[in-house]
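Here's the letter readout for the chains.
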Amino acid sequence: FIKYKIDLIPIVDDKKKVTNVYRWFDILNNNYQNHKKIDIPAVIMAGGKGERLLPLTEIFPKALIPIDGAPIIKKTIDMFVRYNIKSLYLILNHKSNLIKSYLRKIKYDKSINLNYLKETKSLGTAGGLYKIKKYKIENFILINCDILINYDISLIVDFHKKNKNDLTICVANKKDKIQYGICETDDLNNLKKIIEKPTSEVNINTGFYIINKSLLNLILKNKSLNMDKLIERALKNNFKIQTYKIDFYNWREIGMIKDYLNYLHE
């Protein structure tokens, strides 16, 4: 990778058939064997219709869209299994039977407990979390099924616990350099200063969270609620919310067709 400055290495068998693909961040950033085990459960939001991924989602639910030879939901579950997470909760709705049928064919260890929580109607990106209230869970990981995190997530869990947060939002730090000189003026168009090719910086919500059960009290039964609105409610009610920053290149979203196609062509 370093010598030839490449991003992908295909692995082939003796017949030159591609059997796997290694990417640089899989090797350099993801030595999972050295990661700390995680002792809290994980919730995967996999109930959306995936309308931004049409026409692919006319056939598959978003959770079964293939990434590097396997559905993205399998990639997510396998990641949690490597961290020794035993309890996984999948909130399902759209084409839920296809997701369950696929996962039941995978021979996970008997210690891995997959819990399927079916919404009776679409409840948005957070409304289905009401179903978690009946379980004796103090803190849990929440992840959208259309993202990939290439980072040691045990560090995010430790940060959440150490700071006794009600909610920890994993954000991806993105820096963009503007390719023009920027002129700052006052209200009378007098030039105040000029900045040559400045860099802008934003923190993007990745769709990966650590949540304390206290946040679930803000969710009503069978009421649609998106995650941004839940966060707004938490802020208004003075819940403790912090962000955990990772590099933009440690996160990928395939929620839109252009993002998915870009990923495939990298």
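Heads up: the structure comes first, above all this text.
What this report covers is the structure whose coordinates are included nearby. Keep in mind the model is a prediction, meaning the values are calculated, not measured. (Residues numbered from 1 in each chain as written. Predicted model: local features only at pLDDT ≥ 70, side-chain atom pairs only at ≥ 80, totals over all residues. Heavy atoms only, no water.)

### Brief notes about the side chain of D152
Its place among the elements puts D152 in the loop between β9 (147-149) and α4 (153-162). On the basis of relative accessibility, which here comes to 14%, the residue D152 falls in the buried class. Reaching out from D152, the side chain makes a polar contact with the side chain of S154 at a distance of 2.6 Å. (Helix = DSSP H or I, 4+ residues; strand = E, 2+ residues; numbered from the N terminus. Buried < 20%, exposed > 50% of the residue type's maximum accessible area, 1.4 Å probe, protein only. Polar contact = N/O pair within 3.5 Å; in protein donor to acceptor, adjacent residues only side chain to side chain.)

### Regarding the nonpolar core
Counting residues in each nonpolar core, the largest one holds 38 residues, and the members touching the most others are I73, F80, I141, I153 and F208. Looking at which element gives the most residues to this core, the answer is helix α2 (residues 72-82), with 4 residues. Not counting residues within four places of it along the chain, the set of residues in contact with F80 comprises A42, I44, I85, L88, I141, I143 and I153. In terms of nonpolar packing, the next biggest core, distinct from the first, is built from 26 residues, M45, L129, I211 and A234 among them. (Core = buried A, V, L, I, M, F, W, Y, C linked by side-chain atoms within 4.5 Å. Contact = heavy atoms within 4.5 Å.)

### Section: the pairing of strand β10 (residues 167-177)
Sheet topology places β10 next to strand β13 (residues 199-212); 11 bridges connect them, and they run antiparallel. By the bridge assignment, T168 is partnered in β13 with I210. Strand direction decides the pairing type here: β10 and strand β14 (residues 241-247), joined by 7 bridges, are parallel. Directly across from A172, in β14, lies its bridge partner I246. (Pairing = 2+ DSSP bridges.)

### Here's the deal with the sheet that holds strand β6 (residues 87-92)
Read from one edge to the other, the open sheet built from 7 strands follows the order β7-β6-β3-β8-β13-β10-β14, with strand pairing classed as mixed. Two strands lie at the open edges of the sheet, namely β7 (113-118) and β14, each paired on one side alone. Sheet twist, expressed as the mean angle between neighbouring strand axes with direction ignored, is 30°. As paired strands, β6 and β7 are joined by 6 bridges and run parallel to one another. Within β7, the position partnered with L88 by the bridge is L114. Where helix α5 (residues 227-236) meets the sheet, it contacts β8 (139-144), β10, β13 and β14, and its direction lies at approximately 85° from that of β13. (Axes fitted to C-alpha atoms, helices over the stretch in contact; angles between N-to-C directions.)

### Notes on the packing of aromatic side chains
Where two aromatic rings form a pair, the distance of their centres and the angle of their planes describe that pair. Tallied over the entire structure, the rule returns 5 aromatic pairs. Seen from their ring centres, F159 and Y244 are 5.3 Å apart, and the 70° between their planes marks the pair as edge-to-face. Residue F159 is found in helix α4, and its partner Y244 is found in strand β14; the two are separated by 85 residues along the sequence. For F159, a relative accessible area of 22% corresponds to the partly exposed category. Looking at K174, its charged tip hangs above the ring of F248, at a distance of 5.0 Å from the centre. (Phe/Tyr/Trp six-rings, centres within 6.5 Å; stacked < 30°, edge-to-face > 60°. Lys NZ or Arg CZ within 6 Å of the ring centre and 35° of its normal.)

### Structural notes on the pattern of salt bridges
Two side chains bearing opposite charge may form a pair once their charged atoms approach each other closely. Counted according to the given criterion, the structure contains 6 salt bridges. Taking the shortest distance from any N to any O, the salt bridge between K161 and D39 comes out at 2.5 Å. Note that K161 is positioned in helix α4 and D39 in the loop between α1 (24-28) and β3 (42-46), a separation of 122 residues in sequence. Judged by relative accessible area, D39 falls into the exposed class, the value being 60%. K174 is paired through a salt bridge with D176; the nearest N and O atoms lie 2.6 Å apart. K174 gets classed as partly exposed once you look at its relative accessible area, which sits at 21%. Judged by relative accessible area, D176 falls into the partly exposed class, the value being 34%. (Salt bridge = Lys/Arg side-chain N within 4 Å of Asp/Glu carboxyl O.)

### Looking at the side chain of E119
Structurally, the position occupied by E119 is in the loop between β7 and β8. No salt bridge is formed by the buried E119. Its closest oppositely charged neighbour is K131, at 7.3 Å. For E119, the side chain forms a polar contact with the main-chain nitrogen of L123, separated by 3.5 Å. Sequence-distant contacts of E119, defined by excluding residues within four places in its chain, comprise I91, L92, N93, G124, G128 and K131. (Lys, Arg positive; Asp, Glu negative; His and termini not counted.)

### Section: the environment of I246
For I246, the location among the structural elements is in strand β14. Looking at I246, the relative accessible area reads 3%, which means it is buried. Along the primary structure I246 and T206 are separated by 40 residues, whereas in three dimensions their C-alpha atoms are 9.5 Å apart. The residues contacting I246, other than those within four sequence positions of it, are I149, Y151, C170, V171, A172, N173 and W251.

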